[in-house]
Amino acid sequence: MPIPNTIFVLTGAGISAESGLGTFRDTDGVWARFDPMRLATPEGFAADPVLVHDFYNHRRRDTRAASPNPAHAALARLEAGLAERGGQLFLCTQNIDDLHERAGSRHVVHMHGELLRARCTACGTEPVWHEDLTVATACPDCGHGGGMRPDVVWFGEMPKHLEAIDEALSEADLFVAIGTSGAVYPAAGYVAQARAFGIPTLALTLEAADNAGMFEATRLGPASATVPAFVDEILSGRA
Ligand code: APR
């Protein structure tokens, strides 16, 4: 395979698992313990905003207490290394934590939003937000009280940055999925789009994903081991 210079990386909860942040569909995952329909839908928020704020306040605190792991650091190294040789990393994450940024990644596309941002349902502003949100929180821009929500994409809502993602995918010369079960679209369909563009595809994950059969190559193992090894291969030209 020629040395890839424009790489599209899709990450999921598995890349943050070794940082102590739970995945969703593993046996002890978040959705095994909480009901996503009550906690991750607009209807659930409308029905019980106190419950939903409490759920995301806990996850926001957990995210702030977590640290990036070697997999996050390796992707930051990949971004810098590709840029040095005139290439590019397009890092698209389904994750709402900020561990990619804290590991040094400079361009991160959060297609499911960001836990460390809030959104005003009155004026639409999306400020950085590290503290708890409550039903009484007032918007820092328009002052509207009680209309703040986590700036995350819930089930039934449109993911963010879809046009930029599709364009980047069409221009990549390698597609890599890291730590994602391939259970949620449109992210789960990106490997099929990459194949349709004739782009080589690689999965780095602990267990085979739902769409594992779509990948030309899969490397099983913890991201903290598989991602640094992959990045070393790419940057040393041994890919
Ligand atoms: N290293 C690598 N992969 C891992 C590790 C690890 N240490 N631990 C778990 N995994 C893998 C699992 O094998 C699984 O394939 O990470 C994947 C996690 O899958 P999910 O829990 O379904 O997470 P994800 O694919 O990111 O979910 C997608 O679903 O609920 C929505 O919005 C939520 O963004 C999320 C989306």
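Rules and cut-offs
- Residues numbered from 1 in each chain as written.
- Predicted model: local features only at pLDDT ≥ 70, side-chain atom pairs only at ≥ 80, totals over all residues.
- Heavy atoms only, no water.
- UniProt positions renumbered as here; feature names shortened; annotations may be inferred.
- Salt bridge = Lys/Arg side-chain N within 4 Å of Asp/Glu carboxyl O.
- Helix = DSSP H or I, 4+ residues; strand = E, 2+ residues; numbered from the N terminus.
- Buried < 20%, exposed > 50% of the residue type's maximum accessible area, 1.4 Å probe, protein only.
- Domains from an automatic or database assignment.
- Contact = heavy atoms within 4.5 Å.
- Buried area = accessible area lost by both parts, 1.4 Å probe.
- Near = heavy atom within 4 Å.
- Polar contact = N/O pair within 3.5 Å; in protein donor to acceptor, adjacent residues only side chain to side chain.
- Areas by Shrake-Rupley, 256 points an atom, 1.4 Å probe, with all protein chains shown as cover.
- Expected span 1.5 Å × (residues − 1).
- Phe/Tyr/Trp six-rings, centres within 6.5 Å; stacked < 30°, edge-to-face > 60°.

The name given to the protein in an unreviewed UniProt entry is NAD-dependent protein deacylase, and the organism recorded there is Methylorubrum populi. UniProt, in its Subcellular location (unreviewed entry) section for the protein, records the words "Cytoplasm".

(A) How the structure looks around the pattern of salt bridges. Applying the stated rule across the entire model yields 12 salt bridges. In this structure, Asp 151 engages Arg 119 in a salt bridge whose closest nitrogen and oxygen atoms are separated by 2.9 Å. Of the two residues, Asp 151 is situated in strand E5 (residues 148-152) and Arg 119 in strand E4 (residues 113-120); the sequence distance between them amounts to 32 residues. Its relative accessible area of 2% is what places Asp 151 among the buried residues.

(B) The domain arrangement of the protein, seen in detail. Domains assigned within the protein are domain 1 (6-21 + 68-112 + 159-236) and domain 2 (22-65 + 115-152). A C-alpha centroid distance of 25 Å is found between domain 1 and domain 2. Facing the 14 residues of domain 1 at the interface are 15 residues of domain 2. Between domain 1 and domain 2 the total buried area reaches about 1100 Å² when both faces are included, carbon and sulfur atoms providing 57% of it. Ranking the residues of domain 1 by area buried against domain 2 places Leu 21, Ile 96 and Lys 160 at the top, with a combined share of 49%.

(C) Up close: unusual backbone geometry. Pro 186 follows Tyr 185 through a cis peptide bond whose omega is 5°. Along the polypeptide, Pro 186 turns up in the loop between strand E6 (174-178) and helix H8 (190-196). Positive phi is not limited to glycine here, since His 161 has a value of about 60°. If you trace the backbone, His 161 turns up in the loop between E5 and helix H7 (162-171).

(D) How the structure looks around the site of the ligand. Around the ligand lies a shell of 23 residues, among which Phe 24, Arg 25, Trp 31, Thr 180 and Ser 181 are the nearest. One of the side-chain N or O atoms of Trp 31 is found 2.8 Å from an oxygen atom in the ligand. Thr 205 is positioned such that a nitrogen or oxygen atom in its side chain is 3.5 Å from an oxygen atom of the ligand. Burial of the ligand by the surrounding chains reaches 94%, relative to a free accessible area of 730 Å².

(E) Summary view of helix H4 (residues 49-65). Look at H4: 24 Å from first C-alpha to last across 17 residues, which is about the 24 Å you get at 1.5 Å a residue. Among the residues of H4, Val 52, His 53, Phe 55, Tyr 56, Asn 57, Arg 59, Arg 60 and Thr 63 are the ones counted as buried. If you follow the buried residues of H4, they end up packed against helix H1 (30-33), helix H2 (36-39), helix H3 (42-47), helix H6 (99-102), E4 and E5.

(F) Highlighting the packing of aromatic side chains. As enumerated under the stated definition, the model contains 11 aromatic pairs in all. Relative to Trp 154, the ring of Phe 45 lies with its centre 5.2 Å away and its plane at 45°, an arrangement referred to as tilted. Residue Phe 45 is found in helix H3, and its partner Trp 154 is found in the loop between E5 and H7; the two are separated by 109 residues along the sequence. An angle of 20° between the planes, with centres 6.2 Å apart, marks the rings of Phe 175 and Phe 215 as stacked. Residue Phe 175 is found in strand E6, and its partner Phe 215 is found in the loop between strand E7 (201-205) and strand E8 (217-220); the two are separated by 40 residues along the sequence. As far as burial versus exposure is concerned, Phe 175 and Phe 215 are alike and both buried.

(G) Structural view of the side chain of Thr 63. Tracing the chain through its elements places Thr 63 in helix H4. Exposure remark for Thr 63: the relative accessible area of 3% places this residue in the buried category. Beyond its immediate sequence surroundings of up to four residues, Thr 63 is in contact with Leu 21, Asp 97, Asp 98, Arg 102, Leu 115 and Leu 116.

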